[in-house]
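# Topology and contacts: notes
Single-letter residue listing:
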Amino acid sequence: MNESQQRLKRFITIAYKTQSNFAEKSGIDRSIISQFLNDKREIQAKTKQKLYQAGLSIDWFETGAGSMFADNEVGEQLAKQNAVNVAINKDATSWWLTI
C-alpha cells in the first residue's frame, strides 16, 4: 500500500469509521475506494473533488503535509469531532492509569 492509500485509509477510519459509511456520505462508489486502496485504480480529478467535499485535504492526501482535514465546512466539522474523540480517549487512558 502506497502512502496516499495509507492516508486515505487512515482518514476514512478516523472520520467515517467504515468504507461503506464514507462511500455513502461522499458519493464515491465503494468499488472505486476499494480499487484505489488495493492498487487497482488511480484517483481521478472528479473523485479528488468529492474527497475534498467529504472533508479530506487533497494536499495531505497527496503529500502528507498539513492537516488531514480540508479547509472547508465538512473538514472543519470533522476536525472538531476528531479533537473531541482524542480528548475523550486521552481522559479515559488517564483515568485507567490512576486506578
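Going by the structure above, here's the rest.
A brief report on the enclosed structure follows.

Conventions used here
- All chains use their own residue numbering, which begins from 1 and follows the written sequence.
- Totals for whole chains, interfaces and linings use every residue, but because this is a predicted model, local features are given only for residues with pLDDT of at least 70 and side-chain atom pairs only at 80 or more, for both listing and counting.
- Only heavy atoms go into the side-chain values, all of them from the structure, while hydrogens and water stay out.
- Only DSSP runs of H or I covering at least 4 residues are called helices, and only runs of E covering at least 2 are called strands; the numbering of each starts at the N terminus.
- Exposure categories follow from relative accessible area, calculated using a 1.4 Å probe and restricted to protein chains: below 20% of the type maximum is buried, above 50% is exposed, and the middle band is partly exposed.
- Only heavy atoms enter the contact rule, under which two residues are in contact if any of them lie within 4.5 Å.
- Here the Shrake-Rupley method, with its probe set to 1.4 Å, supplies the accessible areas, and only the displayed protein chains count as covering residues.
- Axis lines are fitted to C-alpha atoms, over the contacting stretch for helices. Their N-to-C directions set the angle, which ranges from 0 to 180 degrees.
- Angle categories are assigned with fixed cut-offs, so that under 35 degrees is roughly parallel, over 145 is roughly antiparallel, 65 to 115 is roughly perpendicular, and the rest are oblique.
- Polarity classes work like this: nonpolar for Ala, Val, Leu, Ile, Met, Phe, Trp, Tyr, Cys and Pro, charged for Asp, Glu, Lys and Arg, and polar for all others, with Gly in that last group.
- The arc in question is formed by the directions pointing from the helix axis toward the C-beta atoms.

## As for the overall build of the protein
When helices and strands are tallied, the protein shows six helices and zero strands. Secondary structure of the protein in N-to-C order comes out as α-α-α-α-α-α. Per-residue burial for the protein yields a buried fraction of 32% across its 99 residues. Partitioning the contacts of the protein with sequence separation of at least 6, the portion at a separation of at least 24 is 41%. Accessible surface, the protein as shown: approximately 6600 Å² in total, 50% of it carbon and sulfur.

## Things to note about the packing of helix 1 (residues 3-16) against helix 2 (residues 19-26)
Look at helix 1 against helix 2: their axes get within 9 Å of each other, and the N-to-C directions meet at 85°. Accordingly, the angle class assigned to the pair helix 1 and helix 2 is roughly perpendicular. Together, F11, I12 and Y16 of helix 1 and Q19, N21, F22 and K25 of helix 2 make up the contact between the two elements. Across the contact of helix 1 with helix 2, the residue classes tally to four nonpolar, two polar and one charged.

## Topic: the side chain of T47
Its location among the elements puts T47 in helix 4 (residues 45-53). Overall, T47 belongs to the buried group, its relative accessible area being 13%. Dropping the residues within four chain positions of it, T47 is found in contact with I28 and I32.

## Observations regarding the side chain of N72
Along the chain, N72 falls in the loop between helix 5 (58-63) and helix 6 (73-98). With relative accessibility at 14%, the residue N72 sits in the buried group. In contact with N72, not counting residues within four places along its chain, are Y52, Q53 and G55.

## Regarding helix 3 (residues 30-37)
Taken together, the buried positions of helix 3 are occupied by I32, I33, F36 and L37. The buried residues of helix 3 occupy an angular sector of 125° when the element is viewed end-on, so they sit on one face. On its buried face, helix 3 sits against helix 1, helix 2, helix 4 and helix 5. One or two positions beyond helix 3, positive phi appears at D39, with a value near 60°.

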